[in-house]
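Breakdown of the fold
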Amino acid sequence: MQLHLYDTLTREVKPLEPVTCHVGIYCCGPTVYGPAHIGNFRTYVVQDVVVRTLQALGTKTRYVRNLTDVDDKTIRGAQQAKQSLQAFTSHWTDVFEEDCRQLNLLQPDVEPRATETIQAQLDLIGQLMQKGYAYVSKGSVYFRISSFKHYGKLSRLDQRCCQTQGTNSAGELNDADEYERESIGDFVLWKNRKPEDGDVYWESPWGQGRPGWHIECSAMSRLYLGATVDLHVGGVDLCFPHHENEIAQSEAAYGGTFARHWMHIAHLKVDGEKMSKSLGNLHTVASLLQKNYSREAIRYALMAGHYRHPLNFTFDLLNASQSALQKLYQYLSRLLATAQLTVETFEQEYLLASTLDKVKYLQGFFESLCDDLNVPKALGQLFTFVNDSNIQSLDAKQILYELGICMFVLGLPAHFSTDNVVIPLPVRRMTEQRWQAKQAGNYQEADDIRHILLKEGWQVLDTQDGYKVVPLKNYKK
Ligand code: AMP
Ligand code: ZN
């Protein structure tokens, strides 16, 4: 079995084949200026399943996910918080790492910060200047897109269209420098120091300033994965201009192929809408945990849809994920009882990336994953097996072995974190209904629901980020 993935560049599903002894994966990581939302985490969870699948297939991986710790947003955020850029971004990096831990994401092999790799970025800009792909204007350095004939190959944009429309979707070029570019599609590699940047600047051959966003990834990827990466991943919004610009910078400077495979993950929506603070539908891992959803259910919901389709996040989806997991963990307990094993033994001996050659019952699960990471199909096959199989008549240890690999790939731990508190689906629905009523100012309705829940033994507590539901102490029906 071999993992096949859709490649955005060639528009085909093709095998992921490493050129060296491992698959080198570069992922555009978060900009650390605030909490990442669950949309960001859809992208990171999907990547995590890719890495885990490769490991279960016996392939070695080298996984690099960067931290963007200098840009307009981080500089502004640090100033507002009256902190140094370093202190500010370290705080948000810690918050990000905690969310990653909650979601059981594998640690990347390298997690470089943009500010720690400035020299590599300067070297790359130097190469581009030397080869005539870049020019200086008013202390900033720009990439001349007309000089790179393959510009637009990833996003299939006509270069003329890029030149006339330009872009500011990175939120970077929307300043006076824009008018200093030769062509509006040219993008910035090095930004001249401005008074509003405060003390955030580095020395360069072109004067004091700071790097543009795109150059950071090209430089970090080369530094930690060499000239060519096997797989470059990110959310679909990064395809243009960010990834297009990464290709232009890296291939113009060093020749060859920058990335052999491009994977883009479709966006997560909430209740069918784009997530935004103003719509009040921006959820974070912490805010969902506060509401007493298990971390496994959050992870499960984020990986349940096919990565190439937008995923609509709803509380019904989260509830359904919670129920599915309850079933899976109950099945695991029954298997362990039959095999006379403890969950600790399962954790230590079965829940790890083993090679798949001895798989007998759950072959279909892994075949679906290998077919462009079809997680929903794989989960369907897993649950068909869980629902239909009669444990007594099967080899429980063999199933445990196979289930261990499935759970490793899905990133599900041996212990279900809400084993003790199972909140029934109707209770969850009512708490959500109460929350919506409260948000809409219907306090009477919200109170009525709270009382019904209390009678049923559930207490709703309002918290800073939303609400939490807990079983009522000493409740007797
Ligand atoms: P950022 O911190 O904004 O650079 O985003 C980090 C990652 O999350 C990038 O790969 C984005 O493409 C991805 N991303 C942003 N919004 C969403 C969303 N709603 N759904 C899925 N991925 C997203
Ligand atoms: Zn990037």
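Cut-offs and rules
- Residues numbered from 1 in each chain as written.
- Chains lettered and ligands numbered in written order.
- Predicted model: local features only at pLDDT ≥ 70, side-chain atom pairs only at ≥ 80, totals over all residues.
- Heavy atoms only, no water.
- Helix = DSSP H or I, 4+ residues; strand = E, 2+ residues; numbered from the N terminus.
- Rg over C-alpha atoms; globule rule 2.2 N^0.38 Å.
- Buried < 20%, exposed > 50% of the residue type's maximum accessible area, 1.4 Å probe, protein only.
- Contact = heavy atoms within 4.5 Å.
- Areas by Shrake-Rupley, 256 points an atom, 1.4 Å probe, with all protein chains shown as cover.
- Lys, Arg positive; Asp, Glu negative; His and termini not counted.
- Charge placed at Lys NZ, Arg CZ, Asp CG, Glu CD.
- Axes fitted to C-alpha atoms, helices over the stretch in contact; angles between N-to-C directions.
- Nonpolar A, V, L, I, M, F, W, Y, C, P; charged D, E, K, R; others polar.
- Phe/Tyr/Trp six-rings, centres within 6.5 Å; stacked < 30°, edge-to-face > 60°.
- Lys NZ or Arg CZ within 6 Å of the ring centre and 35° of its normal.
- Pairing = 2+ DSSP bridges.
- Right-handed = clockwise from strand over helix to strand, strands pointing away.
- Domains from an automatic or database assignment.
- Buried area = accessible area lost by both parts, 1.4 Å probe.
- Salt bridge = Lys/Arg side-chain N within 4 Å of Asp/Glu carboxyl O.
- Polar contact = N/O pair within 3.5 Å; in protein donor to acceptor, adjacent residues only side chain to side chain.
- Donors = N, O, S within 2.8 Å, 3.2 Å for Na, K, Ca; no water.
- Tetrahedral: all angles 85-135°; square planar, octahedral: opposite > 155°, others 65-115°.
- Near = heavy atom within 4 Å.
- pLDDT = per-residue confidence, 0-100.

1. Thoughts on the overall build of the chain
Helix and strand content of the chain: 16 helices and 14 strands. For 477 residues, the compact-globule estimate of 2.2 N^0.38 gives 23 Å, and the C-alpha radius of gyration of the chain, at 25 Å, lies within 12% of that figure. When the backbone C-alpha atoms are referred to their principal axes, the chain occupies close to 75 × 60 × 35 Å. Split into buried and exposed, the 477 residues of the chain put 55% on the buried side. Taking the contacts inside the chain whose residues are at least 6 apart along the sequence as the reference set, 75% of them involve residues at least 24 apart. Roughly 20,800 Å² of accessible area belongs to the chain as shown, and the carbon and sulfur atoms make up 48% of that amount. Of the charged side chains in the chain, 49 are positive and 55 negative, and the gap between their average positions amounts to 3 Å.

2. Structural notes on the packing of helix α1 (residues 38–56) against helix α14 (residues 396–410)
Two elements in contact, α1 and α14, have axes separated by 7 Å at closest approach and are oriented at 145°. Of the residues in α14, those in contact with Val49, Arg52, Thr53, Gln55 and Ala56 of α1 are Ile405, Phe408 and Val409. Per-class residue counts for the contact of α1 with α14 are five nonpolar, two polar and one charged.

3. Some remarks on the packing of aromatic side chains
Pairs of aromatic rings are described using the distance from one ring centre to the other and the angle between the two planes. Counting across every chain of the model gives 14 aromatic pairs. Of the aromatic side chains, those joined through ring pairs into one cluster are Tyr133, Phe143, Phe148 and Phe187. A cation over an aromatic ring shows up here: Lys358 above the ring of Tyr401, its NZ or CZ 5.3 Å from the ring centre.

4. Observations regarding the pairing of strand β3 (residues 23–27)
The buried fraction of β3 amounts to five of the five residues, a majority that puts the element mostly inside the structure. With burial as the criterion, each face of β3 is covered, one bearing Val23, Ile25 and Cys27 and the other bearing Gly24 and Tyr26. As judged from the five bridges shared by β3 and strand β4 (residues 61–65), these two strands associate in the parallel manner. Bridge pairing in β4 places Cys27 opposite Arg65. With α1 bridging β3 and the parallel β4, this β-α-β connection has right-handed handedness. Sheet topology note: the β3/strand β9 (residues 231–235) ladder contains three bridges and is parallel. Note on β9: the bridge partner recorded for Cys27 is Val233.

5. Points about the sheet that holds strand β6 (residues 140–143)
Read across the sheet, four strands follow the order β5-β6-β7-β8 without closing on themselves; strand pairing throughout is antiparallel. Strands with a single pairing partner mark the edges of an open sheet, and in this sheet they are β5 (134–137) and β8 (209–211). The mean angle between the axes of side-by-side strands here comes to 25°, regardless of whether they run parallel or antiparallel. Alignment of β6 against strand β7 (residues 187–192), held across three bridges, turns out to be antiparallel. Across the sheet, Phe143 pairs through a bridge with Phe187, a residue of β7.

6. Details of the domain arrangement of the chain
Split by domain assignment, the chain resolves into domain 1 (4–265), domain 2 (268–410) and domain 3 (425–474). Inter-centroid distance (C-alpha atoms) of domain 2 to domain 3 is 28 Å. Each side of the interface is counted separately: domain 2 has 11 residues, and domain 3 has 11 residues. Both sides together, the interface formed by domain 2 and domain 3 hides about 1,000 Å², and carbon and sulfur atoms give 45% of it. Three residues stand out in domain 2 for area buried against domain 3, namely Gln290, Lys291 and Asn292, and they jointly supply 51% of the buried area on that side. Where domain 2 touches domain 3, the interface holds one salt bridge. When the shortest N-O distance is used, the salt bridge between Asp316 and Arg429 registers 3.0 Å. Summed over the shared surface of domain 2 and domain 3, the number is three residue pairs in polar contact (both at pLDDT 80 or more). Those elements giving two or more residues to the side of domain 2 that touches domain 3 turn out to be α8 (285–290) and α10 (315–339).

7. Section: the coordination of the zinc ion (ligand 2)
Those protein atoms acting as donors to the zinc ion (ligand 2) are Cys28 (SG), Cys217 (SG), His242 (NE2) and Glu246 (OE), and they sit at 2.0 to 2.5 Å. For the zinc ion (ligand 2), the four donor atoms in the first shell make angles of 72 to 129° at the metal, so the coordination geometry reads as irregular. As a motif over one chain, the donors of the zinc ion (ligand 2) read C-x188-C-x24-H-x3-E. Of the two residues, Cys28 is situated in the loop between β3 and α1 and Glu246 in helix α7 (residues 239–254); the sequence distance between them amounts to 218 residues. Taken individually, Cys28 and Glu246 each receive the classification buried, so the pair is uniform in this respect.

8. Details of unusual backbone geometry
Here the amide bond leading from Phe240 into Pro241 is cis, since omega sits at 5°, within 30 degrees of zero. In this structure, Asn104 takes a positive phi of about 60° despite not being glycine. Along the polypeptide, Asn104 turns up in the loop between α3 (85–102) and α4 (118–130). Not every positive phi belongs to a glycine, and Asn292 is a case in point at roughly 75°.

9. Let's talk about the site of ligand 1
Taken together, the neighbourhood of ligand 1 is formed by 15 residues, with Gly39, Thr43, Gly235, Asp237 and Leu268 sitting nearest. At a separation of 3.1 Å, an oxygen atom of ligand 1 approaches a polar backbone atom of Thr31. Within the contact set of ligand 1, a nitrogen atom lies 2.8 Å away from a side-chain nitrogen or oxygen of Thr43. Contact with the protein chains hides 87% of the accessible area of ligand 1, taken as 490 Å² for the molecule alone. Broken down by secondary-structure element, the contributors of at least two residues to the shell around ligand 1 are α1 and β9. Looking at the shell around ligand 1 element by element, the count peaks at four residues for α1. Per-class residue counts for the shell around ligand 1 are six nonpolar, eight polar and one charged.

10. As for the confidence of the model for the chain
Scored by pLDDT, the chain comes out at a mean of 90, with 93% of its residues at no less than 70. Low pLDDT, under 50, characterises residues 164–178; the stretch is placed with 32 contacts to residues that sit more than four places away or in other chains.

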